[in-house]
Amino acid sequence: MHRLFIAMLALASAAGAQSPLTLWYRQPARMWVEALPVGNGHMGAMIFGGVAHERIQFNEQTVWTGEPHDYAHPGAYRSLARIRELLWAGKQKEAEDLASQEFMSLPLHQKAYQSFGDLLLDFPGLDETQVTGYRRELDLNTAFSSVTFSAQGVSYRREVFASYPDNVIVIRLFASQPGKLTFTATMASSHPSEVKNLPDGSLVMDGHVNDSAIRFQARLMARVEGGSSQPRDGKLSVTNAGSAVLILAGATNFKNFRDVSGDPAARNAATLGAVQSQTYAEVQTRHFRDYQQLFRRVSLDLGTSPAAALPTDERVAGFARGNDPALVALVFQYGRYLMISSSRPGGQPANLQGLWNESDDPPWDSKYTDNINTEMNYWPVEETNLPECHLPLFDALKDLAQTGAVVAREQYNARGWVVHHNFDLWRGAAPINASNHGIWQTGGAWLSTHLWEHYLFTGDREFLRQTAWPLMKGAALFFVDTLVKDPQSGFLYTGPSNSPEQGGLVMGPAMDREIVRSLFGETIAASRILGIDADLSDQLARLRAQIAPSRIGQYGQLQEWMEDKDDPKNEHRHVSHLWAVYPGSEITPYGTPDLFKASRQSLIYRGDAATGWSMGWKINLWARFLDGDHAYRILQNLIQPANDSSPGHPGHAGLFANLFDAHPPFQIDGNFGATAGITEMLLQSDDPHGTATSLTPAQTGEAAFITLLPALPAAFPNGKVTGLRARGDVGVDIEWRDGKLVEAVLTPSESKPIRVRYAGQESELPGRAGQPIYYRPKPL
């Protein structure tokens, strides 16, 4: 067995070194942002890879502070008219003060995502100074994290993966010689907890979160080969073994945002009971099949370079000095890996940190910030062929439609539902923190556009009817009741609101109007496709035409506010008024060239430097501006070593050693924004004939152009991508050489025409369901 192990170890090391889908390092992680993540959409773990002391920090998605709670401010709508009057009169400070006193969430702040615990493994006799051949890696193709090294003539290997089918984290440990694996395992938590041994030999940690209704339990089961396992004093001691398998389960009492009556011990017993009769190979195979049927849908080859042979941290450090296209492909696929690992059906949506968090006081509570960050998390899921990963967000929207309906009624005297700029596990939907940025009405509206996007990419009419339509209709009804007429222009405005997160409380910021206009258009289209609610559709069309249009200001910029007060020297991280360019499709080079030019000027004024997530947005925007080289320049700014923020040291944006995006500190949205942006360089299928005042093909369900290589940077002269998706439910493979398209393979799911654009050429091709179309451009 041990000769076989040595052979497997050599093969794994060689394959990992050459794999374009592997993150690897020569040393253990010193900090949390160097550890490697695994996750199953329910639990997540960060593997440090220590030699004598291994720390595996783990999370479970429902370990939060707080309890079921209604955040709405009863009767706050009575102050609404006065707040608007003050804003119309230019008395912003008075309006903000009144809103602070009479309009905000109760309590003012939402709750926080928490750490769960640590699995701690101690290996007596191992000394890091005597180790050779150390390698720590994460294989994106298998979702396996591993550590290999040799010490005192013995080769060691540890493997960790998180299984979605079995809802466990699995750790396997090997030694190349019999009897050389000895270690002690225990668990710890920053929350009040107790670790004890159970009669069946497993290790259990029971605890609760302070100032919270959440109770939790983690339970560890061990299987040992060739040695002994002794449970005692809150530890599991494994002695003189050849290999061991540890299986970790975790659960809380959370059932839904109103119900915390679950039994974490019973849940863990059921989870471990289901895997107890399975071999390690069976659990591993189930994990591989589940994960790879998602991950392997898309491949991306951008070429390679000598830098591809280096450890990942060294590649990031050297990226700015030379082209490493394989690292860009790795960053692209890492975003898809993180999405599969953090957002799976039946779980919570990915939060500000996905599902990985070691802190009980995480930045911005590691909750759901909806004025860009939550939405950015899900930008790549449809185009990169992971539509199932969108479903946890839609489940959360069903909850928010309930809590948001209370907020709409109590704070706006309106129908429908509303979400402001944050929500948490308890589905808070009221404005939080401060009136100058917390009162932002279009969180629910923006999130609702994701429902329509899912329909456009999948063509799933049952989803449109059963899930999307009720939520979209409710989000639209809120604005039917709350849009107000500007006393000077006569146009309809939203308000009170703000342009995230600057400029204070105002009426009718550009982003609001763009989002509401899109929501109305998409709801009209859904109504027509489903053949229902024609009266509402007609009403939305009338109101949509009255919403204040986008304007071009004195500096040639797209105005962020109704007043022409943009500062061309303002380099704020938010580029909210460019929503209509991306992720929206209202402003395009083909349908609205003047607004398109003004939007581009606005982005130039904002500059290229930004926080991590902001650079993610700018990559997408420059791709939509059809400027691949500028998009790549932003990507270069992102792919650089990040410094975390600390007191007296603000840090700078980039990527941490484990490729986590740095705001700083860590925020996962930048990873997803980068994946989406790389995709937008290669493929776009947004509306090519948009106008700011009429419905677009993307909003009516008609065929939009599939634009091939719209923003290909010079840094990627040769490449191939397979498995992408375009709106209209079309599969897309693209190959190019010397910066020019060689061939695209388009596979529609329905029989309908396919409109294609490449380098100024426009074609309409007949499409048959399931039959690939081989498109080759005419010579230019």
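These numbers were taken from a predicted model, which means no experiment stands behind them.

Thoughts on the pairing of strand E28 (residues 719–726)
Residues in a regular strand point their side chains to alternate faces of the sheet.
Right, so step 1: Most of E28 is tucked away, with six of its eight residues classed as buried.
Right, so step 2: Where strand E17 (residues 299–301) lies against E28, three bridges are found, and the strand directions are antiparallel. Its bridge partner being in E28, serine 299 is matched across the sheet by threonine 722.
Right, so step 3: Bridge count between E28 and strand E29 (residues 730–737): six bridges; the pairing is antiparallel.

Let's talk about the nonpolar core
Right, so step 1: In this structure, Phe58, Leu140, Phe183, Tyr337, Phe520, Trp617 and Leu708 are the most contacted members of the largest nonpolar core, which totals 228 residues.
Right, so step 2: Take this core: its biggest share by element is 12 residues, from helix H12 (residues 461–482).
Right, so step 3: Sequence-distant contacts of tryptophan 617, that is, excluding residues within four places in its chain, are made with Ile372, Met376, Trp379, Met511, Val575, Ser576, Trp579, Tyr582 and Pro583.
Right, so step 4: One finds Val170, Met221, Leu272 and Val275 within the second-largest nonpolar core, a separate group that totals 12 residues.

Comments concerning the sheet that holds strand E30 (residues 740–748)
Right, so step 1: Read from one edge to the other, the open sheet built from five strands follows the order E17-E28-E29-E30-E33, with strand pairing classed as antiparallel. The open sheet has two edge strands with one neighbour each: E17 and strand E33 (773–775). Sheet twist, expressed as the mean angle between neighbouring strand axes with direction ignored, is 20°.

Observations concerning the packing of aromatic side chains
Right, so step 1: Throughout the structure, instances matching the rule amount to 34 aromatic pairs.
Right, so step 2: Ring geometry for tyrosine 134 and phenylalanine 149: centres 6.3 Å apart, planes at 15°, overall stacked. Taken as a pair, tyrosine 134 in strand E6 (residues 131–139) and phenylalanine 149 in strand E7 (residues 144–151) lie far apart in primary sequence, 15 residues in all. For the pair tyrosine 134 and phenylalanine 149, one class covers both residues: buried.
Right, so step 3: Measuring from ring centre to ring centre gives 6.2 Å for tyrosine 334 and tyrosine 337, while their planes differ by 10°; the resulting arrangement is stacked. Here the residue tyrosine 334 and the residue tyrosine 337 both occupy positions in helix H7 (residues 325–342), the gap between them amounting to three residues, near one helical turn.

Brief notes about helix H13 (residues 510–530)
Right, so step 1: Compared with the 30 Å implied by 1.5 Å per residue over 21 residues, the 30 Å span of H13 between its first and last C-alpha is a close match.
Right, so step 2: Of all 21 residues in H13, 20 are buried; the element is thus mostly enclosed.
Right, so step 3: A positive phi of about 70° marks glycine 531, the residue just after H13.

So, the side chain of asparagine 620
Right, so step 1: Along the chain, the position of asparagine 620 falls in helix H16 (residues 612–624).
Right, so step 2: In this structure the side chain of asparagine 620 is engaged in a polar contact, spanning 2.8 Å, whose partner is the backbone oxygen of glycine 616.

Describing the pattern of salt bridges
Right, so step 1: Tallying each qualifying case throughout the model produces 32 salt bridges.
Right, so step 2: Put simply, arginine 286 and aspartate 166 hold a salt bridge, and the shortest N to O gap is 3.1 Å. You can see arginine 286 sitting in helix H5 (residues 280–295) and its partner aspartate 166 sitting in the loop between strand E8 (154–163) and strand E9 (168–175), a full 120 residues away along the chain.
Right, so step 3: Judged by relative accessible area, which is 6%, aspartate 166 ranks as buried.
Right, so step 4: Notably, a salt bridge pairs glutamate 388 with arginine 297, separated by 2.6 Å at the nearest N-O pair. In this pair, glutamate 388 is assigned in the loop between helix H8 (373–377) and helix H9 (391–412) and arginine 297 in the loop between H5 and E17, connecting sequence segments 91 residues apart.
Right, so step 5: When its relative accessible area of 24% is taken as the criterion, arginine 297 is described as partly exposed.
Right, so step 6: In the salt-bridge network here, residues are joined through shared partners; they are Arg55, Asp118 and Glu358.

Some thoughts on the packing of helix H11 (residues 443–458) against H12
Right, so step 1: Relative to each other, H11 and H12 sit at 155°, their axes nearing to 9 Å. The angle between the axes of H11 and H12 places the two elements in the roughly antiparallel class. Judged by the sense of rotation from one axis to the other, the crossing of H11 with H12 is left-handed. Residues Gly444, Ala445, Ser448, Leu451, Trp452, His454 and Tyr455 of H11 touch H12, and the partners they reach there are Arg461, Phe463, Leu464, Thr467, Ala468, Leu471, Met472, Ala475 and Phe479.
Right, so step 2: For the contact of H11 with H12, the per-class residue count stands at 11 nonpolar, four polar and one charged.

A look at the environment of histidine 420
Right, so step 1: Locating histidine 420 in the fold gives a position in the loop between H9 and strand E19 (422–423).
Right, so step 2: The class of histidine 420 is buried, set by a relative accessible area of 0%.
Right, so step 3: Measuring from C-alpha to C-alpha, the distance between histidine 420 and aspartate 370 comes to 7.2 Å, with 50 residues separating the pair along the chain.
Right, so step 4: Looking at histidine 420, its side chain comes within polar contact range of the side chain of tyrosine 412, at 2.8 Å.

Some points on the pairing of E9
Right, so step 1: When you tally the buried positions in E9, you get seven out of eight residues, the bulk of the element.
Right, so step 2: Here E8 pairs with E9 via eight bridges, running antiparallel. From the neighbouring strand, phenylalanine 161 faces E9, where its bridge partner is valine 170.
Right, so step 3: Linking E8 back to E9 in an antiparallel pair, the connection comprises four residues, with asparagine 167 at a positive phi of about 60°.

Side note on the environment of leucine 638
Right, so step 1: Assignment of secondary structure puts leucine 638 in helix H17 (residues 628–638).
Right, so step 2: For leucine 638, a relative accessible area of 1% puts it in the buried group.
Right, so step 3: Put simply, leucine 638 and glutamine 217 are 421 residues apart on the chain and 38 Å apart in space, counted from C-alpha to C-alpha.
Right, so step 4: Those residues within four positions of leucine 638 in sequence are excluded, and the remaining contacts are Gly612, Met615, Ile619, Gly654, Leu655, Asp661, Gly670 and Ala674.

As for H12
Right, so step 1: The end-to-end C-alpha distance of H12, which contains 22 residues, comes to 30 Å, matching closely the 32 Å that a straight helix rising 1.5 Å per residue would cover.
Right, so step 2: A maximum bend of about 50° is found in H12 at alanine 468, where proline proline 470 lies one to four positions downstream.
Right, so step 3: The opening residue of H12 is aspartate 460, an N-cap whose side-chain oxygen sits 3.1 Å from the backbone nitrogen of glutamate 462.

Considerations on the packing of H9 against H12
A pair of packed helices can be characterised by two numbers: the angle between their axes and the separation between those axes.
Right, so step 1: In contact at an axis separation of 11 Å, H9 and H12 are set at 20° when each is read in the N-to-C sense. In this view, H9 runs roughly parallel relative to H12, as classed from their interaxial angle. As for how H9 packs across H12, the hand of that crossing is left-handed. Between H9 and H12, the contacting residues are Phe394, Leu397, Lys398, Ala401, Ala408 and Tyr412 on the first element and Phe463, Thr467, Leu471, Phe478 and Thr482 on the second.

About the criteria used
Residues numbered from 1 in each chain as written. Predicted model: local features only at pLDDT ≥ 70, side-chain atom pairs only at ≥ 80, totals over all residues. Heavy atoms only, no water. Buried < 20%, exposed > 50% of the residue type's maximum accessible area, 1.4 Å probe, protein only. Helix = DSSP H or I, 4+ residues; strand = E, 2+ residues; numbered from the N terminus. Pairing = 2+ DSSP bridges. Core = buried A, V, L, I, M, F, W, Y, C linked by side-chain atoms within 4.5 Å. Contact = heavy atoms within 4.5 Å. Axes fitted to C-alpha atoms, helices over the stretch in contact; angles between N-to-C directions. Phe/Tyr/Trp six-rings, centres within 6.5 Å; stacked < 30°, edge-to-face > 60°. Expected span 1.5 Å × (residues − 1). Polar contact = N/O pair within 3.5 Å; in protein donor to acceptor, adjacent residues only side chain to side chain. Salt bridge = Lys/Arg side-chain N within 4 Å of Asp/Glu carboxyl O. Parallel < 35°, antiparallel > 145°, perpendicular 65-115°, else oblique. Left-handed = near helix turned anticlockwise from the far one by under 90°. Nonpolar A, V, L, I, M, F, W, Y, C, P; charged D, E, K, R; others polar. Bend = angle between axes of the 7 residues up to and from the residue.

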